[in-house]
Amino acid sequence: MSDIVNEFNDYRSKMNDKILADNNKVIKRIFNLDTNAFQAGALDVKTKELLGLVASMVLRCDDCVKYHLEACYNEGISKEEVVESLSIANLIGGTIVIPHLRRAYEYWDALEQQR
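What counts, and where the lines are drawn
Residues numbered from 1 in each chain as written. Predicted model: local features only at pLDDT ≥ 70, side-chain atom pairs only at ≥ 80, totals over all residues. Heavy atoms only, no water. Salt bridge = Lys/Arg side-chain N within 4 Å of Asp/Glu carboxyl O. Helix = DSSP H or I, 4+ residues; strand = E, 2+ residues; numbered from the N terminus. Buried < 20%, exposed > 50% of the residue type's maximum accessible area, 1.4 Å probe, protein only. Phe/Tyr/Trp six-rings, centres within 6.5 Å; stacked < 30°, edge-to-face > 60°. Axes fitted to C-alpha atoms, helices over the stretch in contact; angles between N-to-C directions. Parallel < 35°, antiparallel > 145°, perpendicular 65-115°, else oblique. Contact = heavy atoms within 4.5 Å. Nonpolar A, V, L, I, M, F, W, Y, C, P; charged D, E, K, R; others polar.

On to the pattern of salt bridges, then. What the rule picks out here adds up to three salt bridges. Note that Asp 62 and Arg 103 form a salt bridge whose closest N and O atoms lie 2.7 Å from each other. Of this pair, Asp 62 sits in helix H4 (residues 62-74) while Arg 103 sits in helix H6 (residues 98-113), and the two are 41 residues apart along the sequence. Among the residues examined, Arg 103 registers a relative accessible area of 35% and is labelled partly exposed.

Okay, here's the thing in structure tokens:
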């Protein structure tokens, strides 16, 4: 199961390197803004990652969901906190979000199996 985590991270890393190698100022600034936005500020990192997770679910971006799930996992956020956040995402996003919920559960399980 952890293959899905490795495959996602390997592909993401490879493609980010390729994209950033083109040295496009706008793209680099967007990447930098994303990195800085999720650092602690008035909101702590945990809260920001859960917000990112919920927004990603509602927008139905599986790559973003995986990214934020892994960040949540690395921040020590519990499965219960993640599931509660995912429940809010499903409430707001509606039943069309359920397929993304399935994949989110699968990815979280894969993260836990890597321990």
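Under the counting rule described, the total for this entry stands at two aromatic pairs. The interplanar angle of 85° and the centroid separation of 5.9 Å between the aromatic rings of Phe 8 and Tyr 107 together place this pair among those described as edge-to-face. Here the residue Phe 8 occupies a position in helix H1 (residues 3-21), and Tyr 107 occupies one in helix H6, the gap between them amounting to 99 residues. Judged by its relative accessible area of 1%, Tyr 107 falls in the buried class. Ring centres 5.5 Å apart and planes at 80° place the aromatic pair Tyr 73 and Trp 108 in the edge-to-face group.

The description of two helices packed together rests on the angle between their axes and the distance between the axes. Between H1 and H4, the least distance of the axes is 11 Å, while the angle of their chain directions is 105°. Between H1 and H4, the interaxial angle falls into the category roughly perpendicular. Mapping the contact onto sequence places Val 5, Phe 8, Asn 9 and Arg 12 in H1 and Asp 63, Lys 66, Tyr 67 and Glu 70 in H4. Among the residues making up the contact of H1 with H4, the classes are represented as three nonpolar, one polar and four charged.

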